Amino acid sequence: MTTFDIDRIRADFPILKREVHGQPLVYFDNAATTQKPRQVIDALVHYYEHYNANIHRGIHALAEEATARYEETRQKVADFIGAPGPECIVFTRNTTESINLVANAWGRKNLGEGDEIILSTMEHHSNLVPWQMLAQATGAKLRHIDIDDEGRLAGDSVEQLIGERAKLVAITHMSNVLGTVNPVRQIADLAHAQGALLLVDGAQSVPHLPVNVQELDCDFLAFSAHKMLGPTGVGVLYARHELLESMDPFLGGGEMIRRVGLEESTWNDVPWKFEAGTPNIGDVCAFGAALDYLQELGMEQVRAHEVSLAQQAMRRLSEVPGITIYGPKSDEARGGVVSFNLEDIHPHDLGTVLDRHGVAIRAGHHCAQPLMARLDVVATARASFYVYNKEEELDALIEGIQAAVRLFRAPAPTRT
Ligand code: 7TS
């Protein structure tokens, strides 16, 4: 059940006041990126109007203030995911870059011929392609955990594949297509029992449910600020401190060094060793406001709200003739992402009609082409929810779908 005041939350999001094609905006594309509350927009403007400066190197007041705010956000991120300290938090551009950082800085040093990287068929391309590139460079082998008919990781497949050659298991916490929430704590135990590490793709979980890296016992966690009310251009890599210490840098340049000679250099402490060049200072500072906003709502409540919306959406969608809904049905096994297909209507056509009704959904392969192949579809339509969505908005979704059905499934005119 929803326990927070949706109308008050909605009032914080200026974009929700706009109309699309003369209809109120219904934004159901939150798995792609979320909207930003006034608090985050103001924090960004405040940075540029009051303390814009480069960090870690200035001795003037603005530089000190910018450095303090930037590092304060690192602490907020650590608190948000239950990390032992801010030294475990590296700022990147997005989830994709965080995963590439691990593949390059950890993978190239630690993987070789015959080692196995365990993935699943439900991964986003950003948790597939970096490992394919790494496998090609090192001779490591990729293995993929399959899914069952409900869109969950197939239990036997998990245990069979995480064997003694496994060096890394890289798995999504929540699928951006199926909504499946994977049992990452159990997977961590299986991986660690074989001496393998666990990387969790948290792009769809950290924004939507309580995540504690120490409880999950993961070694790496990657996620993006823009999917959790924050600005684009900021990603996070959490890693255990000793792993970061043991890893070589990914990018070289300013900031990440301690001393530079003409022939060689030494590295800065972690996490700065992994933050070469001027980072995205303003957006990181504004991300702090997004974390405050979510903390205040409470992640348990965020989760409960989305579970409730997803259940209602699935119940109402299932009444549409000829619909297929993907992913698990039960609350605990899924989050607020609902993918579906309508017989005879391409998701892009459906998406276009919905757009005319002011409803933004995503239609396509969702950067999960192997999953589309596994489901034997070319694309799906996807509605994904967040804190500002409300039950009444589902009416517009259903009405739009009915309009598409009328348009595309209209019986052929009969000749008289
Ligand atoms: N992993 C998962 C599970 C995702 O859903 C996404 C983005 C990423 C990684 C990559 O995040 P980025 O911030 O680096 O781009 N997912 C989607 C989506 O479902 N629609 O648009 C982007």
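Since the structure is predicted, the reported quantities are computational estimates derived from the model, not experimental observations. (Residues numbered from 1 in each chain as written. Predicted model: local features only at pLDDT ≥ 70, side-chain atom pairs only at ≥ 80, totals over all residues. Heavy atoms only, no water.)

## Some points on the domain arrangement of the chain
Okay, step 1: Taken domain by domain, the chain consists of domain 1 (6–30 + 299–408) and domain 2 (41–295).
Okay, step 2: Computed from C-alpha coordinates alone, the two centres of domain 1 and domain 2 are separated by 28 Å.
Okay, step 3: Contacts between the two partners involve 37 residues from domain 1, matched on the other side by 31 residues from domain 2.
Okay, step 4: Around 2700 Å² of area is buried between domain 1 and domain 2 when both sides are counted, 61% of it from carbon and sulfur atoms.
Okay, step 5: Where domain 1 packs against domain 2, one counts 1 salt bridge.
Okay, step 6: Close ionic contact of D146 with R374 constitutes a salt bridge, the shortest N to O distance being 2.7 Å.
Okay, step 7: Counting across the domain 1 and domain 2 interface gives 14 residue pairs in polar contact (both at pLDDT 80 or more).
Okay, step 8: Of all elements in the fold, only α11 (299–317), β14 (337–342), α13 (369–375) and β17 (380–384) reach the threshold of two or more residues within the side of domain 1 that touches domain 2.
Okay, step 9: Per-element accounting of the side of domain 1 that touches domain 2 gives the leading share, 6 residues, to α13. (Domains from an automatic or database assignment. Contact = heavy atoms within 4.5 Å. Buried area = accessible area lost by both parts, 1.4 Å probe. Salt bridge = Lys/Arg side-chain N within 4 Å of Asp/Glu carboxyl O. Polar contact = N/O pair within 3.5 Å; in protein donor to acceptor, adjacent residues only side chain to side chain. Helix = DSSP H or I, 4+ residues; strand = E, 2+ residues; numbered from the N terminus.)

## What to know about the state of the cysteines
Okay, step 1: Scanning the entire structure with this criterion turns up 0 disulfides.
Okay, step 2: Of all cysteine sulfurs, the one in C218 lies closest to C88, which takes part in no disulfide; the gap is 11 Å. (Disulfide = S-S within 2.5 Å.)

## Structural notes on the sheet that holds strand β8 (residues 197–201)
Okay, step 1: Here we have 7 strands laid out as an open sheet, ordered β4-β10-β9-β8-β7-β5-β6, and mixed in their pairing. Lying at the two open borders of the sheet, with one neighbouring strand each, are β4 (89–92) and β6 (141–145). Pairs of neighbouring strands in the sheet enclose a mean axial angle of 20°, with direction left out of account.
Okay, step 2: The pairing of strand β9 (residues 220–224) with strand β10 (residues 235–239) spans 5 bridges and is classified as antiparallel. The residue of β10 that forms the bridge with S224 is G235.
Okay, step 3: Packing of helix α7 (residues 184–193) onto the sheet brings it into contact with β7 (166–172) and β8, and relative to β8 it is tilted by some 155°. (Pairing = 2+ DSSP bridges. Axes fitted to C-alpha atoms, helices over the stretch in contact; angles between N-to-C directions.)

## Focus on the site of the ligand
Okay, step 1: Around the ligand, 17 residues are found, and the nearest of them are T96, D201, S224, R362 and R382.
Okay, step 2: In this structure, an oxygen atom belonging to the ligand sits 3.3 Å away from a main-chain N or O atom of T95.
Okay, step 3: In this structure, Q204 approaches the ligand through a side-chain N or O atom, which is 2.7 Å from an oxygen atom.
Okay, step 4: Relative to its unbound accessible surface of 490 Å², the ligand loses 90% to contact with the protein. (Near = heavy atom within 4 Å. Areas by Shrake-Rupley, 256 points an atom, 1.4 Å probe, with all protein chains shown as cover.)

## Describing helix α4 (residues 95–110)
Okay, step 1: Taking 1.5 Å as the rise per residue, α4 with 16 residues should run 22 Å; its terminal C-alpha atoms sit 21 Å apart, in good agreement.
Okay, step 2: Inspection of α4 places T95, E97, S98, I99, N100, L101, V102, A103, A105, W106 and G107 among the buried residues, and these make up the whole buried set. (Expected span 1.5 Å × (residues − 1). Buried < 20%, exposed > 50% of the residue type's maximum accessible area, 1.4 Å probe, protein only.)

## Notes on the nonpolar core
Okay, step 1: Counting residues in hydrophobic clusters, the biggest one holds 84 residues, and the most contacted among them are I81, L221 and F287.
Okay, step 2: In terms of residue count, helix α10 (residues 281–297) provides more of this core than any other element does, 11 residues in total.
Okay, step 3: Here this core gathers at least three residues from each of two domains, domain 1 (6–30 + 299–408) and domain 2 (41–295).
Okay, step 4: Contacts of L221, omitting those with residues within four sequence positions, involve I81, V200, G202, V206, V211, V213, V236, L237 and Y238.
Okay, step 5: In this structure, A313, V338, F340 and A381 belong to the second largest nonpolar core, which totals 30 residues. (Core = buried A, V, L, I, M, F, W, Y, C linked by side-chain atoms within 4.5 Å.)

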